Amino acid sequence: MKKLLALAFILSFAFGSAQISAFQKADSKYERKKTALYNKYPKPNDLRTKLEWLLTEDKITSYKNALEKISEEDKKALANDPPVKIKLTKEAEYEAGKTAFQKSLYDTVDLAFLNFASDSYKATLNFVVDSKGNALGVQAKGNNEDVNSFIEAAFYRIKEKGKWKPAEANGKPVSSTISLPLVLTFKK
């Protein structure tokens, strides 16, 4: 039994690291190609702008592909421990508080490269905290699919930096859905 638990721990750690490394790989590839592009075209011009947009599109696609794989794994976990539909006696809590979680998320979301038209972006982040305190199944709902993907990626990047206490129903830990409003400010 101990060997099985150790194997499960190793696999979950490896999968968690693979999630983050997929985003890091996309970031690294984007930065490397952007540097090469800027070296080739040091002054802004139409061609550089077009090529930079293609690099941005590639980064967005890489993030979405990584999120799709994570979503499939989360769906499997949630099938075994779905959120309850009954009244909770205690809400799920982030160990340092929801404000600390939101701040960590804001600090991790990097959207400067998108050159977004607005100064701020409003979204709602929905996810499940299962009965063991694992945060799963994140979905960002806002009016821009690409920005939503980067918010979801930021969620997975910070997921292991803090712990959630599961919600309770009649004294027993249960899975529950969390909904957090977000307002992101873009650095220009």
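Worth saying up front: this structure is predicted, and the values here are computed from it rather than measured.

Student: Got a sec to walk through the nonpolar core? Specific residues and values, please.
Tutor: One finds Phe101, Leu105, Leu125, Phe127, Ile151, Phe155 and Trp164 to be the most contacted residues of the largest nonpolar core, which totals 37 residues. Elements supplying a minimum of two residues to this core: helix H1 (2-40), helix H2 (46-80), helix H3 (98-108), strand E2 (120-129), strand E3 (135-142), helix H4 (145-158), strand E5 (167-169) and strand E7 (176-185). Tallying contributions element by element places H4 first for this core, with 8 residues. Setting aside chain neighbours within four positions, we find Phe127 in contact with Phe101, Ala135, Leu136, Gly137, Val138, Phe155, Trp164, Ser176, Thr177, Ile178 and Leu180.

Student: Please set out the sheet that holds E3 residue by residue, giving values where relevant.
Tutor: Strand order in the open sheet made by the 3 strands is E3-E2-E7, with antiparallel pairing throughout. Edge positions in the sheet fall to E3 and E7, since each of these pairs with one other strand and no more. Recorded for the sheet is a direction-independent mean angle of 20° between the axes of neighbouring strands. Sheet topology places E2 next to E3; 6 bridges connect them, and they run antiparallel. Residue pairing for E3: Thr124 is matched across the bridge by Lys141. Lying on the sheet, H2 is in contact with E2 and E3; it crosses E3 at an angle near 120°. Running over the sheet, H4 touches E2, E3 and E7 and is turned about 155° from E3.

Student: Can you explain the packing of H2 against H4? Please cite residues and give values.
Tutor: At a minimum axis separation of 10 Å, H2 and H4 run at an interaxial angle of 55°. Between H2 and H4, the crossing angle belongs to the class labelled oblique. As H2 packs across H4, the resulting crossing turns out to be left-handed. Along its contact with H2, which presents Lys59, Ile60, Tyr63, Lys64, Leu67, Ile70 and Asp74, the element H4 presents Glu145, Asp146, Ser149, Phe150, Glu152, Ala153, Tyr156 and Arg157.

Student: Before we move on, could you go through the packing of aromatic side chains and cite the residues and values that matter?
Tutor: Applying the stated criterion across every chain yields a total of 10 aromatic pairs. Aromatic pair Phe23 and Tyr63: ring centres 5.0 Å apart, planes at 45°, arrangement tilted. Of this pair, Phe23 sits in helix H1 while Tyr63 sits in helix H2, placing them 40 residues apart in sequence. Against the face of Tyr38 rests Arg48, its NZ or CZ located 3.8 Å from the ring centre.

Student: Please set out the packing of H3 against H4 residue by residue, giving values where relevant.
Tutor: In contact at an axis separation of 9 Å, H3 and H4 are set at 115° when each is read in the N-to-C sense. Every pair of crossing elements has a handedness; the one defined by H3 and H4 is right-handed. Together, Phe101, Ser104, Leu105 and Thr108 of H3 and Ile151, Ala154, Phe155, Arg157 and Ile158 of H4 make up the contact between the two elements. Split by residue class, the contact of H3 with H4 holds 6 nonpolar, 2 polar and 1 charged.

Student: Describe the pattern of salt bridges, with residues and values.
Tutor: Counting across every chain of the model gives 8 salt bridges. The shortest N-O distance in the salt bridge between Glu73 and Lys76 comes to 3.7 Å. With Glu73 and Lys76 both in helix H2 and 3 residues apart, the pair spans about one turn of that helix. By relative accessible area, Glu73 is classed as partly exposed at 34%. Here Asp107 ties to Lys103 by a salt bridge, and the two come within 2.8 Å at their closest N and O atoms. Linking Asp107 with Lys103, this pair stays in helix H3, spanning 4 residues, or about one helical turn. Accessibility expressed as a relative area gives 49% for Lys103, which makes it partly exposed. Connected via shared salt-bridge partners are Asp27, Lys59 and Arg157.

Thresholds applied
- Residues numbered from 1 in each chain as written.
- Predicted model: local features only at pLDDT ≥ 70, side-chain atom pairs only at ≥ 80, totals over all residues.
- Heavy atoms only, no water.
- Core = buried A, V, L, I, M, F, W, Y, C linked by side-chain atoms within 4.5 Å.
- Buried < 20%, exposed > 50% of the residue type's maximum accessible area, 1.4 Å probe, protein only.
- Helix = DSSP H or I, 4+ residues; strand = E, 2+ residues; numbered from the N terminus.
- Contact = heavy atoms within 4.5 Å.
- Pairing = 2+ DSSP bridges.
- Axes fitted to C-alpha atoms, helices over the stretch in contact; angles between N-to-C directions.
- Parallel < 35°, antiparallel > 145°, perpendicular 65-115°, else oblique.
- Left-handed = near helix turned anticlockwise from the far one by under 90°.
- Phe/Tyr/Trp six-rings, centres within 6.5 Å; stacked < 30°, edge-to-face > 60°.
- Lys NZ or Arg CZ within 6 Å of the ring centre and 35° of its normal.
- Nonpolar A, V, L, I, M, F, W, Y, C, P; charged D, E, K, R; others polar.
- Salt bridge = Lys/Arg side-chain N within 4 Å of Asp/Glu carboxyl O.

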